[in-house]
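Residue-level listing of the chains:
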Amino acid sequence: MNKKTYKQVLKKGLILSVVFCAVFQACKKIKSPDLNPDLTLPIAHGIFGINTLSDDSIITEGLNGIAQLTFEESLAGFNLDSLLVAPDTAFVDSFAWGFGNNVFFQPGSELYNGTNTSKYNIGNSLLRKVRVKSGKIAFRLENAFNEKLKITYTLLNSTQNGQPVIIEKLVPAANGNNIGLLIDSLDLTDATIDLTSNYNTLGFEYLVEVDPNGDSVAFFNGQKVFINFGFVDIVPDYGVGYFGSLNEVLDETISIQALDEVEIENLALSETRVSLLVKNGIGADAQLNFTELVAINSNTNTQIPLVNGPLLTPININRGQENGLAGAGNVTESKYELNITESNSNINELFSVIPDSIKVKANFNVNPNGNISNGNDFIYLDYGLSIDLKIEVPLKLSLQQLTFTDTLDLSLDENTIQNLNKTGDLNLYLIANNSFPLWLNTEAVLLDENYAILDSLVPLNETKILPRESTEPKKSIVQYILKDDEKQALNNSTFIKIKLKTATASYPNVVDVNYKDNIDIQISLSGTYDL
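First, a word on scope: everything that follows refers to the structure included in this document.

Rules and cut-offs
Residues numbered from 1 in each chain as written. Predicted model: local features only at pLDDT ≥ 70, side-chain atom pairs only at ≥ 80, totals over all residues. Heavy atoms only, no water. Helix = DSSP H or I, 4+ residues; strand = E, 2+ residues; numbered from the N terminus. Contact = heavy atoms within 4.5 Å. Areas by Shrake-Rupley, 256 points an atom, 1.4 Å probe, with all protein chains shown as cover. Phe/Tyr/Trp six-rings, centres within 6.5 Å; stacked < 30°, edge-to-face > 60°. Buried < 20%, exposed > 50% of the residue type's maximum accessible area, 1.4 Å probe, protein only. Core = buried A, V, L, I, M, F, W, Y, C linked by side-chain atoms within 4.5 Å.

Let's shift gears to the overall build of the chain. Helix and strand content of the chain: four helices and 34 strands. Once local pairs closer than 6 in sequence are excluded, the contacts in the chain between residues at least 24 apart make up 87%. Total accessible area on the chain is roughly 25700 Å²; 44% of this is exposed by carbon and sulfur atoms.

A few words on the packing of aromatic side chains. This structure, assessed with the given rule, holds 13 aromatic pairs. Summarising the aromatic geometry, the rings of Phe-404 and Phe-436 are spaced 5.2 Å apart at their centres and angled 45 degrees between planes, so their arrangement reads as tilted. Highlighted residues: Phe-404 in strand S27 (residues 396-409) and Phe-436 in the loop between strand S28 (426-434) and strand S29 (440-447), separated in sequence by 32 residues. When sorted by exposure, Phe-404 lands in the same class as Phe-436, which is buried. The structure contains a cluster of three or more aromatic residues connected by ring pairs, namely Tyr-112, Phe-139, Tyr-153, Phe-204, Tyr-206 and Phe-229.

Another aspect to go through is the nonpolar core. In terms of nonpolar packing, the biggest core is built from 116 residues, with Leu-276, Leu-288, Ile-387 and Ile-523 touching the most fellow members. Apart from residues lying up to four places away in sequence, Leu-276 is in contact with Leu-288, Phe-290, Leu-311, Ile-315, Tyr-336, Glu-337, Leu-338, Ile-387, Asp-388 and Leu-389. Residues Tyr-238, Val-331, Phe-378 and Tyr-380 belong to the second largest nonpolar core, which totals five residues.

This next bit is on unusual backbone geometry. Excluding glycine, most residues fall at negative phi; most peptide bonds, likewise, are trans. With a phi close to 55 degrees, Asn-161 is a non-glycine residue in the positive phi region. Residue class for Asn-161 comes out exposed when judged on its relative accessible area of 63%. The phi dihedral of Asn-367 falls on the positive side, at around 55 degrees, and the residue is not glycine. Accessibility expressed as a relative area gives 2% for Asn-367, which makes it buried.

Here it is, written out as structure tokens:
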């Protein structure tokens, strides 16, 4: 650092000295700019608080400003895709006539008129009706006659926009040995497909005629008509029938990372709550049976299971109810809510281990009592069944050895420490404004750019950070005297790691931790500047 830079720093230091004299109990008077002056420089700043521990808003403000940990997890969701599979089978048919050769048919003559059914694979469901949100019915029609044929294909009892679903097409005539071919599709958006012939079974009829506007045609023995119809990319938005007895095993592990930077050796909680909310918009009954809920602390290899909780008994969930016309989409969801508290379980004990995950296992069953609706289960695309778990842990706690930890950047010019008087001691001050109702000890560790430890600093007289007074933060000053080795370590440091540990245990007495409580830390250096 050149002389000009020294004077710039000195000028800055003189200004800072005025500011920090209010903080430090003793500031030496600067006698002359060409003598060795005292200099105070801020080098790090950090705020330690409950509301700064998590980036994902797990810590929220609860009643009366008390901080609480809030975890919400969707354990399962069952919707139309889970219970209703779209039809996936094509219908294929062909006709061959055997009336002999050179039989003439006049325009409009009927060659075939028949009714048939097609059974569809729709998973475990037995459906009576499906309303289509999107999709189509594709068809391939082949004609071996030397005249166009009119083919009419009707889906029995099915409608689209209030009209029957009918496909009416002219199939090109054959040309020599080349059959007449028509490949096309019909958009089925908003169509209601009737499958009541025998559950999952589509009834249809088709009519084959000579083109009414064509010419008479000679029939030759063995000539054929080939028909292929099939559903393509069907996305239903409503279904009615019986959805079977779906059995699912739920196995979830909920990760809890809210307290990564807080260490607590012993923790006793108060007023912990777990809420289970099940909402069912499906027209089918269900049953939920939890078999396991375990709090896990992987660091201490501790597991605490929930016991004596109503959550561990079978939960019957009523079906949703349609209001007004069937298929109109006006549904009232049934709701089941269960609150697990310290009065009906050992829930406080579960969270006293400071879990980093919660393991949940349950069995889920749709229609546990069979087809009691007589085929009138319903489901909409916009309504399903959801199972959500909410955990609230108010920080009304008894604790022992609560520890806040943070690593702060050091704002040090590479020559700053070298140019402070190498023969005298260097003072490092940790100034704390504490709004927690806790006495705290401090630890300060110097780290290099790779976070390797260079030195641990020992405070003068083991000064403690004082707790707040009433509702006002309390200011405390912790002094560290740095000898030559510590000064060299500081000069080589990039970070300073600060740990704040409770100095007096409240355990087992309860302490309320407010959401806005924090400890504002300012770290400064004071020494003699070497000109």
